[in-house]
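# Inside the fold
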Amino acid sequence: MQPTPAVRCRGLAKTYGRGDTATPALRALDLDVRAGELTLLVGPSGCGKSTLLSIIAGLLTPDGGSCEVLGQSLSGRPEVERAAFRRDHVGFVFQGFNLLPSLTAAQNVAVALMLQGVHERVAVARARVVLGQVGLADRGDAYPMTLSGGQQQRVAIARALVHSPALVVCDEPTSALDHATGQSVMRQLREVARDASRALLVVTHDPRIHDYADRIVEMDDGHVIDDRAGPARDST
Ligand SMILES: Nc1ncnc2c1ncn2[C@@H]1O[C@H](COP(=O)(O)OP(=O)(O)OP(=O)(O)O)[C@@H](O)[C@H]1O
Ligand SMILES: [Mg+2]
C-alpha cells in the first residue's frame, strides 16, 4: 500500500476576482506529491502553477476542493496557525525570491531558524553552512541588493532548506542560474528528496533540469493533464 502522500489535492479550484474580471486559475485540480521524490511541475505561463504552490503552502485559500499537506488541511485555519505550520514544515522558494533587503544573506537564511526559537548566533552559523552548500560561503555578509540575481536565488534556496522542512516547494529555482550552478542546485535538491521523509515540488520552465525529476506533472489551463515517471526515478 502507498503511504499517505505529503500533499494531496482533490478538486482544487481557485478564481481570482469576480464578475467580468474573474480569472479562473485552478479548475478541479487533483495532485499527489509523495515524500522521497522530487516532483517537477511544468506547464505554460499562466496555467496556475504559482497559484497551486501558494495554496499548498497555505498562503492562499482555495475556493473549492481540498488540499491536505502532511496530513493536515490548512484552509479555514486562522492565519497564525497556517504561519506556524509553514514555519515548522514548509520551505518556499518564491518566483521573485522575496529576500528581506535590510538583512544580510546569512541573516535572511537564519530568520527561518530564529522563527523556530533558535538563538541568533547558532542560526547564523547554520545559515553560513547552508550558504556554503549553494556556493555562497563568502557572501554571507552581503546585502541582497549587492548580489546578482543568481546569487539572490541561491540565498532563497538556502533559506528554504535551512530548517530541514518536510515539504519544500520551489517556484522556478534555476531561472536566474547559469547551467553549471543550476545543475549543482538541482543535485542538492534531489539529495534532499532522497530522504524518504521529505518531499520536493519544483515548478520549472527549464528543460535542462528534467533529468533530476522522479516525477513530472504537467499542467494546462488550471488542471493536471499528465503525470509520468521522470528520468531520475530509479537512479541513485
Ligand atoms: N493576484 C492575482 N490576481 C488576479 N489574477 C491572477 C493573480 N495571480 C495570478 N492570476 C492569474 O491566474 C492565472 C494563473 O496564474 P499563475 O501565476 O498561477 O500562473 P503560472 O503557471 O505560475 O505562470 P508563470 O509560468 O508565468 O509563472 C493567470 O491567468 C494569472 O493571470
Ligand atoms: Mg508562476
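This text gives an overview of the structure that appears in the document. Quick caveat: nothing in here was measured; it's all calculated off a predicted structure.

## Description of empty space enclosed by the protein
One simple way to see leftover space: roll a probe sized like a water molecule over the atoms. All told, the structure shown has 1 cavity of 30 Å³ or more when counted by the stated rule. Within this model, the largest cavity holds a volume of roughly 70 Å³. For the largest cavity, the full set of lining residues is Ile55, Gly58, Leu60, Thr61, Pro62, Cys67, Val69, Leu74, Ser75 and Arg82. Among the residues forming the lining of the largest cavity, the class breakdown is 6 nonpolar, 3 polar and 1 charged.

## Digging into the packing of aromatic side chains
Overall, the coordinates contain 1 aromatic pair when judged by the stated rule. Note that Lys14 overlies the ring of Tyr16, its terminal NZ or CZ placed 5.9 Å from the centroid.

## Looking at the coordination of the magnesium ion (ligand 2)
In this structure, Ser50 (OG) and Gln95 (OE1) serve as the protein donors to the magnesium ion (ligand 2), at separations of 2.0 to 2.5 Å. Of this pair, Ser50 sits in helix H1 (residues 49-56) while Gln95 sits in the loop between strand E6 (90-93) and helix H3 (105-114), and the two are 45 residues apart along the sequence. Note on Ser50: relative accessible area 27%, which makes it partly exposed.

## What about the sheet that holds strand E9 (residues 215-220)?
The 6 strands lie next to each other as E6-E7-E8-E3-E9-E10, forming an open sheet whose pairing is mixed. One side of each edge strand has no neighbouring strand; the edge strands of this open sheet are E6 and strand E10 (223-229). With direction set aside, neighbouring strand axes in the sheet form an average angle of 15°. Across 4 bridges, the pairing between strand E3 (residues 38-42) and E9 is parallel.

What counts, and where the lines are drawn
Residues numbered from 1 in each chain as written. Chains lettered and ligands numbered in written order. Predicted model: local features only at pLDDT ≥ 70, side-chain atom pairs only at ≥ 80, totals over all residues. Heavy atoms only, no water. 1 Å grid on protein atoms, 1.4 Å probe; cavity = no way out; pocket = protein on both sides within 12 Å on 5 of 7 lines; lining within 4 Å. Points joined across faces, edges and corners; volume = space filled by probe spheres on them. Nonpolar A, V, L, I, M, F, W, Y, C, P; charged D, E, K, R; others polar. Phe/Tyr/Trp six-rings, centres within 6.5 Å; stacked < 30°, edge-to-face > 60°. Lys NZ or Arg CZ within 6 Å of the ring centre and 35° of its normal. Donors = N, O, S within 2.8 Å, 3.2 Å for Na, K, Ca; no water. Helix = DSSP H or I, 4+ residues; strand = E, 2+ residues; numbered from the N terminus. Buried < 20%, exposed > 50% of the residue type's maximum accessible area, 1.4 Å probe, protein only. Pairing = 2+ DSSP bridges. Axes fitted to C-alpha atoms, helices over the stretch in contact; angles between N-to-C directions.

The values reported here are purely geometric and, on their own, carry no functional implication.
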